[in-house]
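# Understanding the architecture of this molecule
Listed below, chain by chain, are the residues.
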Amino acid sequence: LNGLSCLALEDVVSPRQQIICSRSFGQLVHRHEDLQAAVATFAARAAEKLRMQHSVAQLVYVGIRTNPFREQDAQYRQTIAVPLVQPTCDSLVIGAAAARALARIYRPGFAYKKAAVMLGQISDQGVQQPLSKRLRHRDGDVGQKVFAGTLQHAIHVRQRRKHVPPVPVYAR
């Protein structure tokens, strides 16, 4: 090649080493169920990004925090990492790990401002088949709609058992 590059640096896009989905809430969140719904949504989005780059993750991190600028409020900030049994890009597995992580770090009595889900130890997909391919319909991919509906149904069934009001759906 006589020292001439065949590819410009912009043409080569390497896969992400970490995938993060986080948001600050418009209003302070006090209930575990509301945080749980947000974290489930973030986990599903992160898994979708993971599948888009044909990768799998070995770790799921979940973090929550209060608003550090509201000095009158009690402050709390915690992050936890949950290792997965095997690397995956399956939304259900990642969502379940995120829910377990949130249950371990959530503390009642705080006004939460932000939640985050991060996927780590990312590698090439290999042979593991993601949820989106297992649920593929011949007329198009329905995996995302099925997952979202299943997740919301599971949350509502669980809440009916506890006799609590339904969780608000966080719009995408």
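Keep in mind the model is a prediction, meaning the values are calculated, not measured. (Residues numbered from 1 in each chain as written. Predicted model: local features only at pLDDT ≥ 70, side-chain atom pairs only at ≥ 80, totals over all residues. Heavy atoms only, no water.)

This paragraph deals with the pairing of strand S4 (residues 112-120). Pairing analysis gives 7 bridges linking strand S1 (residues 19-29) to S4, with the strands arranged antiparallel. Its bridge partner being in S4, Ile20 is matched across the sheet by Met118. Examined bridge by bridge, strand S2 (residues 55-66) and S4 share 8 bridges and lie antiparallel to one another. The residue of S4 that forms the bridge with Val60 is Leu119. (Pairing = 2+ DSSP bridges. Helix = DSSP H or I, 4+ residues; strand = E, 2+ residues; numbered from the N terminus.)

The subject of this paragraph is helix H2 (residues 91-105). End to end, H2 covers 21 Å across 15 residues, agreeing with the expected 21 Å (1.5 Å per residue, within 8%). Among the residues of H2, Ser91, Ile94, Gly95, Ala97, Ala98, Ala101, Leu102 and Ile105 are the ones counted as buried. When H2 is viewed along its axis, its buried side chains cluster within an angular range of 160 degrees and face the same direction. At the N-terminal boundary of H2, the capping side chain belongs to Asp90, with an oxygen 2.9 Å from the backbone nitrogen of Leu92. (Expected span 1.5 Å × (residues − 1). Buried < 20%, exposed > 50% of the residue type's maximum accessible area, 1.4 Å probe, protein only. Arc of directions from axis to C-beta. Polar contact = N/O pair within 3.5 Å; in protein donor to acceptor, adjacent residues only side chain to side chain.)

Quick look at the nonpolar core now. Counting residues in each nonpolar core, the largest one holds 35 residues, and the members touching the most others are Leu35, Val60 and Val62. Listing elements by their share of this core, those giving two or more residues are S1, helix H1 (32-52), S2, strand S3 (77-88), H2 and S4. Element by element, the count of residues in this core is highest for H1, at 8 residues. (Core = buried A, V, L, I, M, F, W, Y, C linked by side-chain atoms within 4.5 Å.)

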